[in-house]
There are 2 protein chains.
Amino acid sequence: MPSLERAGFTGGVLPSGCPTRVLLDHVTSKWGVLLLIALSEESLRWGELRRVVEGISEKMLAQTLRVLEGDGFVLREAEPTIPPRVDYSLTDRGRELADHLRPLLEWIAGHADEIIFGAAQQG
Amino acid sequence: MPSLERAGFTGGVLPSGCPTRVLLDHVTSKWGVLLLIALSEESLRWGELRRVVEGISEKMLAQTLRVLEGDGFVLREAEPTIPPRVDYSLTDRGRELADHLRPLLEWIAGHADEIIFGAAQQG
DNA sequence: CGGTATCCCCCTCGATACTG
DNA sequence: CAGTATCGAGGGGGATACCG
């Protein structure tokens, strides 16, 4: 059961270039969180992902999906039909990750308006 | 209690440019998560932050802190002494956010090695 | 100590065009 | 439908120098 302490956090934080930082960059990349969350609800096809994750370009969709697939978060299943059909879904590992992402995103979504439009409050 | 659904997630995802996406970009910026986590343990001075968050440049430290301060996550307290002393800490809001970030980072730290060095596993 | 100002490179990302 | 290839702009971000 590794903790942030074991990972070298206390009194030195995660070393730059360590696996945890690399992975953090993958997950928190511009489109990573959005794709993971989108797929956490249901498996989606390429075209559906493009529409659901509004604003993503084909290039970034392909690129981000490949990274997420390489990390074992996303499963790509292609039907060799014509026209082709490709489904993207989360692996067990990806679902575990998404389970941590979802509360975060829900909190952010729930406070976004007051934070962005309201004044920064002291605390 | 806003949910992702209320925020426009289902069948359309968070609209590009919406407050939630803006905030998500702030939090998941290259150094955002690391700074938030670092400050979640204890309040730190400028110089300590530089050392603790290994690899961050002064420019990005200043820039990211200002964004986080603007969102009301980070509190900056300067003592008008010579030499100056400035402490950075989390606001209540920042602590709430960090409480969601920490489990995520712990999960990532706990799986980073097997994911980065091991083979991508199916699921 | 705790910053700001400036320069500039590089790399991300979007737009466009093309393919099986 | 599901991508890949290529190009070019923009800005993220590092290095350096300087200031109160």
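Criteria and thresholds
Along each chain, the written sequence defines residue order, and numbers are assigned to residues from 1. A letter from A marks each chain and a number from 1 marks each ligand, given out in the order of writing. Totals for whole chains, interfaces and linings use all residues, but because this is a predicted model, local features are given only for residues with pLDDT of at least 70 and pairs of side-chain atoms are given and counted only at 80 or more. To get the side-chain values, all heavy atoms of the structure are used, and hydrogens and water are removed first. It suffices for a single heavy atom of a residue to lie within 4 Å of a molecule or strand for the residue to be listed as near it. Whenever two N or O atoms come within 3.5 Å, that pair is a polar contact, provided that in protein one can donate a hydrogen and the other can accept it, and provided that, for residues adjacent in sequence, both atoms are side-chain atoms. Helix and strand definitions here come from DSSP, where helices need a minimum of 4 consecutive H or I residues and strands a minimum of 2 consecutive E residues; each element is numbered from the N-terminal end. Put simply, Ala, Val, Leu, Ile, Met, Phe, Trp, Tyr, Cys and Pro go in the nonpolar bin, Asp, Glu, Lys and Arg in the charged bin, and everything else, Gly too, in the polar bin. An expected span of 1.5 Å times one less than the residue number is assigned to each helix. The term bend refers to the angle at a residue between two fitted axes, each drawn through seven residues, those ending there and those starting there. Each residue is placed in one exposure class: buried if its accessible area under a 1.4 Å probe, protein chains only, is under 20% of its type's maximum, exposed if it is over 50%, and partly exposed if it falls in between. To define axes, lines are fitted to C-alpha atoms, for helices over the stretch in contact only, and angles between the resulting N-to-C directions are given on a 0 to 180 degree scale. Relative orientations are named as follows: roughly parallel for angles under 35 degrees, roughly antiparallel for angles over 145 degrees, roughly perpendicular for angles from 65 to 115 degrees, and oblique for any other angle. Handedness of a crossing is defined here by the sense of rotation of the near helix relative to the far one, left-handed for an anticlockwise turn of less than a right angle and right-handed for a clockwise turn. Every residue pair with non-hydrogen atoms within 4.5 Å of one another is taken to be in contact. Only buried Ala, Val, Leu, Ile, Met, Phe, Trp, Tyr and Cys residues count toward a nonpolar core, and they belong to the same one when joined by side-chain atoms within 4.5 Å. Note: buried area is the sum, over both parts, of the accessible area (probe 1.4 Å) each one loses when the two are combined. Here a salt bridge means any side-chain nitrogen of Lys or Arg lying within 4 Å of a carboxyl oxygen belonging to Asp or Glu.

## Structural notes on the protein's contact with DNA strand D
The environment of DNA strand D is formed by 19 residues, the closest being R45, R76 and Y88 of chain A together with S57 and K59 of chain B. Each atom of DNA strand D within 4 Å of the protein belongs either to a base or to sugar and phosphate, the latter forming 56%. Between DNA strand D and E58 of chain A, the relevant distance is 3.2 Å, taken from a base nitrogen to a side-chain nitrogen or oxygen of the residue. At 2.5 Å, a side-chain N or O of R76 of chain A approaches a phosphate oxygen of DNA strand D. Looking at the surface near DNA strand D element by element, the count peaks at 4 residues for helix α4 (residues 58-70) of chain A. The residue makeup of the surface near DNA strand D, split by class, is 9 nonpolar, 2 polar and 8 charged.

## Concerning the protein's contact with DNA strand C
Taken together, 20 residues form the shell around DNA strand C, and within it K59 and M60 of chain A together with R45, R76 and Y88 of chain B come nearest. The contact atoms of DNA strand C, taken as those within 4 Å of the protein, divide so that sugar and phosphate hold 60%. Backbone polar atom of G47 of chain B to a phosphate oxygen of DNA strand C: 3.2 Å apart, as the coordinates give it. One of the backbone nitrogen or oxygen atoms of P84 of chain B is found 3.4 Å away from a sugar or linking oxygen of DNA strand C. Of all the secondary structure elements, the ones that give two or more residues to the surface near DNA strand C are α4 of chain A together with α3 (46-52), α4 (58-70) and β3 (85-90) of chain B. It is α4 of chain B that contributes the most residues to the surface near DNA strand C, 4 residues altogether. Among the residues making up the surface near DNA strand C, the classes are represented as 9 nonpolar, 2 polar and 9 charged.

## Observations regarding helix α5 (residues 92-117) of chain B
Its 26 residues place the ends of α5 of chain B 38 Å apart at the C-alpha level, agreeing with the 38 Å of an ideal helix rising 1.5 Å per residue. Of all the bends in α5 of chain B, the greatest measures close to 50° and is centred on H111 of chain B.

## Describing helix α2 (residues 32-41) of chain A
α2 of chain A sits mainly inside the fold: 8 of its 10 residues count as buried. For α2 of chain A, every residue scored as buried is listed here: G32, V33, L34, L35, L36, I37, A38 and L39 of chain A.

## Some thoughts on the packing of helix α5 (residues 92-117) of chain A against α5 of chain B
Contact pair α5 of chain A / α5 of chain B: the axes reach a minimum separation of 10 Å and the direction vectors enclose 160°. With respect to α5 of chain B, the axis of α5 of chain A lies roughly antiparallel. The handedness of the crossing between α5 of chain A and α5 of chain B comes out as left-handed. In this structure, α5 of chain A uses R93, E96, L97, H100, L101, P103, L104, W107, I108, H111, E114 and I115 of chain A to contact α5 of chain B, whose residues at the interface are R93, E96, L97, H100, L101, P103, L104, W107, I108, H111, E114 and I115 of chain B. Class assignment of the residues belonging to the contact of α5 of chain A with α5 of chain B gives a composition of 14 nonpolar, 4 polar and 6 charged.

## Quick word on the nonpolar core
The biggest cluster of nonpolar side chains holds 71 residues, and the ones touching the most others in it are F73 of chain A together with F73 of chain B. When sequence neighbours within four positions are dropped, the list of residues in contact with F73 of chain B reads W107 and I115 of chain A together with L23, V27, L36, L68, S89, L90, T91, R93, G94 and L97 of chain B.

## Looking at the interface of chain B and chain A
Facing 62 residues of chain B, the contacting portion of chain A comprises 62 residues. Across the interface of chain B and chain A, roughly 5,600 Å² is buried in total on both sides, 68% from carbon and sulfur atoms. Put simply, chain B and chain A have 2 salt bridges between them. With a shortest N-O distance of 3.3 Å, R93 of chain B and E114 of chain A are connected by a salt bridge. Taken together, the links from chain B to chain A amount to 8 residue pairs in polar contact (both at pLDDT 80 or more). For the side of chain B that touches chain A, the elements supplying multiple residues, two or more each, are α1 (19-27), α2 (32-41), α4 and α5 of chain B. Here the side of chain B that touches chain A takes 23 residues from α5 of chain B, the largest share from any one element. Partitioned by chemical class, the residues of the side of chain B that touches chain A number 34 nonpolar, 14 polar and 14 charged.

Treat this as a map of the structure, not an account of what it does.
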